Amino acid sequence: MVSDIIDNIEGNPIIAAIRNEEDIEIAIKSEVSSVFLLKADIFNVGNYVDKIKNSGKHVFIHFEFLEGLGRDNKAIDYIAEAIKPDGIITTRSNHVKYAEERGLFTIQRFFLVDSQSYETAIK
């Protein structure tokens, strides 16, 4: 699965960023192969993920932007087992490690403010 996701992103490096339900329809109709779900909550995330995956696209949930769940390993367990996205996006390295153990593709987001933050992100 990892190589499939990477191949798709390399083949089409434009990734749709979803911030509302209307964006989903636009992303599904577009040529992108991957979608970042940047706004969702526990009531709609399952439907959003299913709809995007059923269109043949990869979907990644931004973990910190998912409303209604804690920010702990149990939340990652729930996402992996019940929601079943292709992966998550997170700013926290401990979440990256745990999500990878759960079989989720992970993307670590970090902010580059200066060379010090760059060095920290690389580590």
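Structure first, text after, so check above.
Residues numbered from 1 in each chain as written. Predicted model: local features only at pLDDT ≥ 70, side-chain atom pairs only at ≥ 80, totals over all residues. Heavy atoms only, no water.

### Considerations on the pattern of salt bridges
The test is simple: The salt bridge definition used is simple: a Lys or Arg side-chain nitrogen within 4 Å of an Asp or Glu carboxyl oxygen. Working definition: helices are DSSP H or I runs of at least four residues, strands are E runs of at least two. Numbering for both runs from the N terminus. Exposed residues in this analysis have more than 50% of their type's maximum accessible area, buried residues have under 20%, and partly exposed residues fall in between, with area computed by a 1.4 Å probe over protein chains only.
One pass over the full model with this rule turns up five salt bridges. When the shortest N-O distance is used, the salt bridge between E25 and K51 registers 2.5 Å. With E25 in helix 2 (residues 21-29) and K51 in helix 3 (residues 45-54), this residue pair connects regions lying 26 residues apart in the sequence. Taking the relative accessible area as the measure of exposure, K51 reaches 38% and is therefore partly exposed. Here D77 makes a salt bridge to K74, at a shortest N to O gap of 3.9 Å. Of this pair, D77 and K74 both sit in helix 4 (residues 73-83), three residues apart, which is roughly one turn of the helix. Since its relative accessible area comes to 62%, K74 is described here as exposed. Here the salt bridges share partners, and the residues they tie into one network are K74, D77, E81 and R102.

### Overview of the sheet that holds strand 6 (residues 87-90)
Put simply, the rule is: Any two strands are treated as partners once DSSP identifies two or more bridges connecting them. Angles run from 0 to 180 degrees between N-to-C directions of axes, and those axes are lines fitted to C-alpha atoms, restricted for helices to the stretch in contact. It only takes one pair of heavy atoms within 4.5 Å for two residues to be counted as in contact.
Read across the open sheet, the five strands follow the order 1-2-4-6-7; overall the sheet is parallel. One side of each edge strand has no neighbouring strand; the edge strands of this open sheet are strand 1 (16-18) and strand 7 (105-108). Between one strand and the next, the sheet's axes are offset by a mean angle of 25 degrees, whatever the strand orientation. Docked against the sheet, helix 1 (residues 2-11) engages strand 2 (34-37), strand 4 (58-62) and strand 7, running at close to 95 degrees with respect to strand 4. Against the sheet, helix 3 touches strand 2 and strand 4, its axis set at about 155 degrees to strand 4.

### A word on the environment of S30
For S30, the location among the structural elements is in the loop between helix 2 and strand 2. Separated by 14 residues in the primary sequence, S30 and A16 have C-alpha atoms spaced 8.7 Å apart.

### Quick word on the packing of aromatic side chains
Spelled out, the test is: Any two of the Phe, Tyr and Trp rings considered here, Trp counted by its six-membered ring, make a pair once their centres fall within 6.5 Å; the pair's planes then place it as stacked at under 30 degrees, edge-to-face at over 60, or tilted in between. Any Lys NZ or Arg CZ that is within 6 Å of a ring centre and within 35 degrees of that ring's normal is treated as a charge sitting over the ring.
Counted by the stated rule, this structure contains two aromatic pairs. Each ring, one from F36 and one from F60, has its centre 5.8 Å from the other, and the planes form 90 degrees; the classification is edge-to-face. A residue pair is termed long-range when its members are at least 10 positions apart, and F36 in strand 2 and F60 in strand 4 qualify at 24 residues. Taken as a pair, F36 and F60 share a single burial class, namely buried. R71 extends its terminal NZ or CZ atom over the ring of F63, reaching a point 5.8 Å from the ring centre.

### Thoughts on a nonpolar patch on the surface
Going by this rule: Distance thresholds for patches are 9 Å for like charges and 5 Å for nonpolar side chains (Val, Leu, Ile, Met, Phe, Trp, Tyr), applied to residues having over 30% relative accessible area and no salt bridge. Only the protein chains shown count as covering a residue, and every accessible area follows the Shrake-Rupley method with a 1.4 Å probe.
Together, F110, L112, Y118 and I122 make up a nonpolar patch on the protein surface, roughly 420 Å² of accessible area in all. Mapped onto the elements of the fold, F110 is located in the loop between strand 7 and helix 6 (115-122). Residue F110 is classed as partly exposed on the basis of its relative accessible area, which comes to 42%.

### Quick look at the packing of helix 4 against helix 5 (residues 93-101)
Our working definition: To sort the angles, those under 35 degrees are grouped as roughly parallel, those over 145 as roughly antiparallel, those from 65 to 115 as roughly perpendicular, and the leftovers as oblique. For a crossing to be left-handed, the near helix must be turned anticlockwise from the far one by less than a right angle; the clockwise case is right-handed. Side-chain classes follow a simple rule in which Ala, Val, Leu, Ile, Met, Phe, Trp, Tyr, Cys and Pro form the nonpolar group, Asp, Glu, Lys and Arg form the charged group, and the remainder, Gly included, forms the polar group.
For the pair helix 4 and helix 5, interaxial distance at closest approach is 10 Å and the crossing angle is 40 degrees. As the angle between them shows, helix 4 and helix 5 are arranged oblique. Relative to helix 5, helix 4 is oriented so that their crossing is right-handed. Residue-level inspection shows N73, I76 and D77 of helix 4 in contact with helix 5, the latter providing H95, Y98 and A99. Along the lines of polarity and charge, the residues of the contact of helix 4 with helix 5 split into three nonpolar, two polar and one charged.

Function cannot be read off these values alone, since they describe shape.
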